[in-house]
Amino acid sequence: MERKLHYNFVDVFKAPIEALSAKKILVMTFFLLISLALYNLFTYAAFYLNGEKVKTIFSVYTFFPFYKIQFANLFAQIVFAVGSLVSLLMLMLGFFGVSILEIEAIRGNRFMKPEHAIQKAFGRFKQILLAELGIVCFIGFIILLFMILGLVTRIPFIGEYIYALLFVIPNFIIAILTLFIITVFLISIILLPTVTAAEKKGEAFQSILETFATIIRQPFRWGGYTLLALVTGKFASFVYAYVCYRSVQFVAWTTSLSGGEHLKTMVKKSLSLLPFKSDVVDYTFQSFPGIDFSFSLAKYAKYSSNSPAEYLMAFMIFVIFASIIGYFLTIIAVGQARGYAVIRYLKDGYKIEDEEPQEA
């Protein structure tokens, strides 16, 4: 049988090519749109509870309200926090969906349908949620212990001595371990969905165990693979963005040859409805941070639109734009899946490619 993996950085370097799959980008874009919709819903509800004029806020942030958001109202803060967590979980389901497609491809099953990947992602939602809650609860338990220690220091005469005596051992040691756990928790946003996709039993504890084992035993290799996927993913997604941009222009031009110039105008007016002034859009259409090589949609700002068909066209173009970010996230997910397969072999001598696929 032909060897599927090289078990080195080459496997991760090929992530942009492996990620350039319609079904993988479709799955990631699907969850990305759900995540963005939920985030916007909760965020603008928080703005409303905070007494802000939603229309004014929307004119500034549009569909990407990510920059320096602060709420004075406690209920607004809670709504925003819940919305952010829910949208993040949806994004993790997207990472899971792409990861299971890639893991199954490594196992030899390249014919898993995108709807099956989406179905399995929703089916594993509980596992991912419980795994994340498990880590959060442990961190919360450590914080609670330190808070109790803070109460002990209020004991007259001996409280401060107890605090000073325990400051290095065990408090300082526990604090270092807790910071490590918090770091793993942040890493788990992209790694845990992949680990979960590779596990067939669907046990939350096993997902937590493998996530920690990967970071503890192969931290530099995981970090290098992730950085490699990020760098190659940014360049690849920029190329994809430019191809999408020119493809939209090509469709508008060719259809206008028989349908009339108003079709080109319709596309331009539709583009004017999109939030092209956002930092997210600027970053997407930039080759790489710090490199002055990009393209812009600012020239379409002069157009105005009020036709329902143009609003529908704007939505369709927005989906194309979402697929650009979806492709970038797909590369990250594929890089995690392939990198985890390599790391799993190097640390345990276990080949995921030797497993039987979940579906024929």
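Residues numbered from 1 in each chain as written. Predicted model: local features only at pLDDT ≥ 70, side-chain atom pairs only at ≥ 80, totals over all residues. Heavy atoms only, no water.

Undergrad: Can you explain the packing of aromatic side chains? Please cite residues and give values.
TA: If you walk through the whole model with that rule in mind, you get 13 aromatic pairs. Aromatic side chains F31 and F122 sit 5.3 Å apart centroid to centroid with 50° between the ring planes, which places their arrangement in the tilted category. Here F31, found in helix α3 (residues 22–49), pairs with F122, found in helix α6 (residues 114–123); they are 91 residues apart in sequence, far enough to count as distant. Assessed through its relative accessible area of 0%, F31 is described here as buried. Judged by centre distance (6.4 Å) and plane angle (40°), the ring pair of F318 and F321 falls under tilted. Within this pair, F318 and its partner F321 are both found in helix α14 (residues 308–348), separated by three residues, close to a single helical turn. The burial state of F318 is the same as that of F321; both residues are buried. (Phe/Tyr/Trp six-rings, centres within 6.5 Å; stacked < 30°, edge-to-face > 60°. Helix = DSSP H or I, 4+ residues; strand = E, 2+ residues; numbered from the N terminus. Buried < 20%, exposed > 50% of the residue type's maximum accessible area, 1.4 Å probe, protein only.)

Undergrad: Explain the environment of L151 residue by residue, including any values.
TA: Note on placement: L151 falls in helix α7 (residues 125–152). A relative accessible area of 58% places L151 in the exposed class. For the pair formed by L151 and F285, sequence separation is 134 residues and the distance between their alpha carbons is 53 Å.

Undergrad: Kindly report on α6, identifying the contributing residues and their values.
TA: Among the residues of α6, those classed as buried are P114, A117, I118 and A121. For α6, the arc enclosing every buried residue in end-on projection is 100°, short of the 170-degree limit, so these residues lie on one face. Set apart from the buried face of α6 by more than 90 degrees, the exposed residues are Q119 and G123. The inward-facing, buried residues of α6 contact α3, α5 (74–107) and α7. (Arc of directions from axis to C-beta. Contact = heavy atoms within 4.5 Å.)

Undergrad: Describe the layout of surface pockets, and please don't skip the residues or the numbers.
TA: Empty pockets left among the atoms are what a rolling probe the size of a water molecule brings to light. Empty space within the largest pocket amounts to approximately 580 Å³. What lines the largest pocket is a set of 24 residues, and nearest its centre among them are L32, F66, L91, I325 and L329. Among the elements of the structure, α3, α5, α11 (219–259), α13 (279–284) and α14 are those that each provide at least two residues to the lining of the largest pocket. It is α14 that provides the largest number of residues to the lining of the largest pocket, a total of seven residues. Of the residues in the lining of the largest pocket, the class split is 18 nonpolar, five polar and one charged. F58, F63, L273, L274 and P275 are the residues nearest the centre of the second largest pocket, which is lined by 18 residues in total. Among the elements of the structure, α3 and α14 are those that each provide at least two residues to the lining of the second largest pocket. (1 Å grid on protein atoms, 1.4 Å probe; cavity = no way out; pocket = protein on both sides within 12 Å on 5 of 7 lines; lining within 4 Å. Points joined across faces, edges and corners; volume = space filled by probe spheres on them. Nonpolar A, V, L, I, M, F, W, Y, C, P; charged D, E, K, R; others polar.)

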